Amino acid sequence: MMLISGIVLWSVLHLSLALKPDWRAGLVQRVGAGPFKGMFSLLLLGALALIVLGWKAFPATSLYVPPAGLRHLTMLLMPLAVILFFAARLPTNLKQIIRHPQLTGVKLWAVAHLLANGETRSVLLFTGLLAWAVLEVIFINRRDGAWQKPAPAGSSKTVLQVIIALIITAALIFAHPWLAGVALIPA
């Protein structure tokens, strides 16, 4: 139940900003920008804690057994997901092509993990976060209207961002046993 509660809390907090921008503006006006960001961050950390603790407490029962070959596809998709995820915060030409690179990265991450994981807790986690990311894009687009592409960042900044993201991907692969309890590279 903690896992589902964490996913719901994460989703509701994020979606509330896209669905009710006046709610955020009203809270910021009442309590100030700093306290609002602090409160919002604490709630997000609480959601993450529920997700992590819920993941660990959830029985590792199998819902389906994915074909072994899909693991390789997941390993190919993950660097792309990380590149897209970090493209949102760094100057890159990828923002000329993809309106929501970070959320697209989350969606790709979720799909990639659904291809390789058939445990019930995995399906709940990755399907829940995939649904959140899809809804988030829809609601942000509805709120913000037509896409105004940012100015080009330059190919050197884009290449640098990709290199940084690939280094982060390598770090995540080696940290995966600690983060998720599953080794991706046999010892």
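Coordinates for the structure precede this section.
Below, the structure is looked at part by part. The structure displayed is predicted, hence computed values, not measured ones.

In terms of nonpolar packing, the biggest core is built from 28 residues, with L3, W10, F40, I51, L103, L125 and W132 touching the most fellow members. Those elements giving two or more residues to this core turn out to be α1 (2-19), α3 (33-57), α5 (101-116) and α6 (120-144). Sort the elements by how many residues they give to this core and α6 lands first, with nine residues. Excluding residues that lie within four positions of it along the chain, I51 makes contacts with M2, L3, G6, I7, W10 and L125. Among the nonpolar cores identified, the runner-up in size contains five residues, and V82, I83, L94 and A165 belong to it.

What sets the pattern is the α-helix's 3.6 residues per turn: residues three or four places apart point alike. Over its 19 residues, helix α4 (residues 69-87) runs 28 Å from end to end, which matches the ideal 27 Å to within 8%, given 1.5 Å per residue. At L77, α4 shows its strongest bend, of approximately 25 degrees, with the proline P79 following within four residues. Here the buried face of α4 lies against α5 and α7 (155-180).

To characterise two packed helices, one gives the angle between the axes of the helices and the distance between these axes. Between α4 and α5, whose axes approach to 7 Å, the crossing angle comes to 165 degrees. Considering their axes alone, α4 and α5 lie roughly antiparallel with respect to each other. In the crossing of α4 with α5, the sense of the turn from one axis to the other is left-handed. Seen from α4, the contacting residues are L70, R71, L73, T74, L77, M78, L80, A81, L84, F85 and A87; seen from α5, they are P101, Q102, T104, G105, V106, L108, W109, A112, H113, L115 and A116. Tallied by class, the residues present in the contact of α4 with α5 amount to 16 nonpolar, five polar and one charged.

Quick look at the side chain of R121 now. If you trace the backbone, R121 turns up in helix α6. Overall, R121 belongs to the buried group, its relative accessible area being 13%.

Attention shifts here to the packing of aromatic side chains. If you walk through the whole model with that rule in mind, you get five aromatic pairs. Taking the centre distance of 5.8 Å and the plane angle of 80 degrees together, the rings of W10 and W132 count as edge-to-face. Remark: W132 occurs in helix α6 and W10 occurs in helix α1; sequence separation between them is 122 residues. Judged by its relative accessible area of 17%, W10 falls in the buried class. The interplanar angle of 80 degrees and the centroid separation of 5.0 Å between the aromatic rings of W109 and F126 together place this pair among those described as edge-to-face. Here W109, found in helix α5, pairs with F126, found in helix α6; they are 17 residues apart in sequence, far enough to count as distant. Residue W109 is classed as partly exposed on the basis of its relative accessible area, which comes to 25%. Three or more aromatic residues link up through ring pairs in this structure, and these residues are W23, F36 and F40.

Rules behind the numbers
Residues numbered from 1 in each chain as written. Predicted model: local features only at pLDDT ≥ 70, side-chain atom pairs only at ≥ 80, totals over all residues. Heavy atoms only, no water. Core = buried A, V, L, I, M, F, W, Y, C linked by side-chain atoms within 4.5 Å. Buried < 20%, exposed > 50% of the residue type's maximum accessible area, 1.4 Å probe, protein only. Helix = DSSP H or I, 4+ residues; strand = E, 2+ residues; numbered from the N terminus. Contact = heavy atoms within 4.5 Å. Expected span 1.5 Å × (residues − 1). Bend = angle between axes of the 7 residues up to and from the residue. Axes fitted to C-alpha atoms, helices over the stretch in contact; angles between N-to-C directions. Parallel < 35°, antiparallel > 145°, perpendicular 65-115°, else oblique. Left-handed = near helix turned anticlockwise from the far one by under 90°. Nonpolar A, V, L, I, M, F, W, Y, C, P; charged D, E, K, R; others polar. Phe/Tyr/Trp six-rings, centres within 6.5 Å; stacked < 30°, edge-to-face > 60°.

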